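# Architecture at a glance
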Amino acid sequence: VEGDVTYEVGNNVTSDLAIRQAINYGVDRDVLVEQVLNGHGTPAFSVSDGMPWASPDMQVTTDVARAQKLLDEAGWQVGADGIREKDGQRASFVLWYMAGDSVRQGLAEAFAAQMHDLGIEVVVQGASFDDICPHQYADPVLWGWGSNSPTEIYNLTYSDGWGNFAQYKSDEVDAYLDAALACPAVEDSFELWQQAQWDGEGGIAPQGGATWVWLANIDHLYFVREGLHLAEQKPHPHGHGWSLVNNVDQWDWLG
């Protein structure tokens, strides 16, 4: 409960670790980038791709056979309609996206088609942000993230993190995240952020808790007047703020 809003929590399908791991291994991110983004992006494996606190252990290669095996071994058997079932529970869930966003709609639809081939039914549902919010702790949502700060990992992962919609809880991961925040210099924290993602035995990586399924990093495209030099740009966080003009004092005209 938050204020006047009561949230439903939990999902009988995505709460199964085998489902989450299978989705991470079964989704073909390269196809999503090519088909939906027309190549203007890259496959995504974490909220920190390309940053010094990113962990290489978050990266996975599409392996449909491995995904199928995970589901089979967990007891998710293919039913007569091609959708898997386990103890009377169909492998079916709703995926929400922000209505009016054609990119998110395209990603959701293409993702759903790939999951159907695994025997997982994804029911795509577009809605306003206000209508999506009551479902954010129970159903998957096609969110967009990105930041130039490692604290994004904390927000989306820590037990009490405001973006921990999966309600993931791990004392070991929390300890890494607390220690990372306590470092006097951000450079000293990089290894701790990486260990929270995967320390060899546990973490949020696809082979661990598989708390998120990352799909694509979208290129930010701009029209620039001929002769205008924008200076060297740092990575632009996801769609918020004034990333492009943060260094406007360094812009100049050429020739």
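For the structure itself, consult the block above.
Residues numbered from 1 in each chain as written. Predicted model: local features only at pLDDT ≥ 70, side-chain atom pairs only at ≥ 80, totals over all residues. Heavy atoms only, no water.

### Focus: the overall build of the protein chain
Stated formally: Helix and strand definitions follow DSSP, with helices as H or I runs of at least four residues and strands as E runs of at least two, each counted in order from the N terminus. Note on method: radius of gyration uses C-alpha positions; expected globular size equals 2.2 Å times residues raised to 0.38. Each residue gets one of three labels from its accessible area relative to the maximum for its type: buried under 20%, exposed over 50%, partly exposed in between, using a 1.4 Å probe on protein chains only. Contact criterion: two residues are considered in contact whenever any of their non-hydrogen atoms come within 4.5 Å of each other. When charges are counted, Lys and Arg contribute as positive and Asp and Glu as negative, whereas His and the chain ends are disregarded. Charge positions are represented by NZ for Lys, CZ for Arg, CG for Asp and CD for Glu.
Along the protein chain, the regular secondary structure elements total 8 helices and 9 strands. Taken over the C-alpha trace, the protein chain has a radius of gyration of 20 Å; the compact-globule value for 255 residues is 18 Å, and the two agree within 12%. The principal-axis extents of the C-alpha atoms in the protein chain amount to approximately 70 × 45 × 40 Å. Out of the 255 residues belonging to the protein chain, those deemed buried represent 43%. Across the protein chain, contacts joining residues at least 24 apart in sequence account for 67% of those joining residues at least 6 apart. Positive and negative side-chain charges in the protein chain, numbering 11 and 38 respectively, have mean positions lying 5 Å apart.

### Concerning the packing of helix α2 (residues 29–36) against helix α4 (residues 102–118)
To characterise two packed helices, one gives the angle between the axes of the helices and the distance between these axes. Using the following cut-off: Note on geometry: axes are C-alpha line fits, over the in-contact stretch for helices, and angles between N-to-C directions span 0 to 180 degrees. Should an angle lie under 35 degrees it is considered roughly parallel, over 145 roughly antiparallel, and from 65 to 115 roughly perpendicular; all remaining angles are considered oblique. A crossing counts as left-handed when the near helix is turned anticlockwise from the far one by less than a right angle, and as right-handed when that turn is clockwise. As a working rule, the residues Ala, Val, Leu, Ile, Met, Phe, Trp, Tyr, Cys and Pro are called nonpolar, Asp, Glu, Lys and Arg charged, and the rest polar, with Gly in that last group.
Where α2 contacts α4, the two axes come as close as 10 Å, and the packing angle between them is 135°. By the angle between their axes, α2 is oblique relative to α4. Relative to α4, α2 is oriented so that their crossing is right-handed. Of the residues in α4, those touching α2 at Val31, Leu32 and Val36 are Val103, Gly106, Leu107, Ala110, Phe111 and Gln114. Taken together, the residues that form the contact of α2 with α4 break down as 7 nonpolar, 2 polar and no charged.

### Considering the sheet that holds strand β3 (residues 84–86)
Whether parallel or antiparallel, the strands of a sheet pair through hydrogen bonds between backbone atoms. Test applied: Two strands qualify as a pair provided DSSP detects at least 2 bridges between them.
Ordered by their spatial adjacency, 3 strands build an open sheet running β2-β3-β4, and the pairing between neighbours is antiparallel. Where the open sheet ends on each side, the last strands, each with one partner, are β2 (77–78) and β4 (89–90).

### A word on the pattern of salt bridges
Opposite charge on two side chains allows them to pair when their charged atoms are near. What counts, and what does not: Between Lys or Arg on one side and Asp or Glu on the other, a salt bridge is scored when a side-chain nitrogen of the former is within 4 Å of a carboxyl oxygen of the latter.
With the rule as written, the count across this model stands at 6 salt bridges. With its nearest N and O atoms 4.0 Å apart, the salt bridge here joins Glu73 to Lys69. One end of the pair, Glu73, and the other, Lys69, are both in helix α3 (residues 64–73), 4 residues apart, so they sit about a helical turn from each other. Take Glu73 and Lys69: they sit in the same class, and that class is exposed. Taking the shortest distance from any N to any O, the salt bridge between Arg90 and Glu121 comes out at 2.9 Å. Taken together, the residues Arg90 in strand β4 and Glu121 in strand β6 (residues 121–127) connect sequence positions 31 residues apart.

### Section: a negative patch on the surface
The criterion, for reference: Without a salt bridge and with relative accessible area above 30%, a residue can belong to a patch; like charges are then joined within 9 Å and nonpolar side chains (Val, Leu, Ile, Met, Phe, Trp, Tyr) within 5 Å. Using the Shrake-Rupley algorithm and a 1.4 Å probe, accessible areas are obtained, with residue cover drawn only from the displayed protein chains.
On the surface, Asp171, Glu172, Asp199 and Glu201 cluster together to form a negatively charged patch. One can find Asp199 in the loop between α8 (190–197) and β7 (216–218). The class for Asp199 is partly exposed, based on a relative accessible area of 34%.

### Some thoughts on the packing of aromatic side chains
Note on aromatic pairs: each is described by the distance of the centres and the angle between the planes. What counts here: Under the pairing criterion, centres of Phe, Tyr and Trp rings, with the six-membered ring standing for Trp, must be within 6.5 Å; the plane angle then separates stacked pairs below 30 degrees from edge-to-face pairs above 60, leaving the rest tilted. As a reminder, the over-ring test applies to NZ of lysine and CZ of arginine, requiring each to be within 6 Å of the ring centre and within 35 degrees of the ring normal.
For the structure shown, the criterion picks out 11 aromatic pairs. Between the aromatic rings of Trp143 and Trp145, the centroid separation amounts to 5.9 Å while the plane-to-plane angle is 40°, which identifies the pairing as tilted. Judged by relative accessible area, which is 19%, Trp143 ranks as buried. Counting every residue linked through ring pairs, the aromatic cluster contains Tyr7, Phe129, Tyr137, Trp143, Trp145, Trp162, Phe165, Trp212 and Trp214. Of note, Arg66 hangs over the ring of Tyr25, and the distance from its end group to the ring centre comes to 4.0 Å.

### Some remarks on the pairing of strand β5 (residues 92–98)
Here is the key point about a regular strand: its side chains alternate between the two faces of the sheet. Our working definition: Handedness of a crossover is defined as follows: with both strands directed away from the viewer, a clockwise route from the first strand across the helix to the second makes it right-handed.
Across the 7 residues of β5, 5 count as buried, placing the element largely inside the fold. Bridge count for β5 against β6 is 7 bridges, and the pairing is parallel. Across the sheet, the residue bridging to Ser92 is Glu121, located in β6. The β-α-β motif built from β5, the intervening α4 and the parallel element β6 has right-handed crossover chirality.

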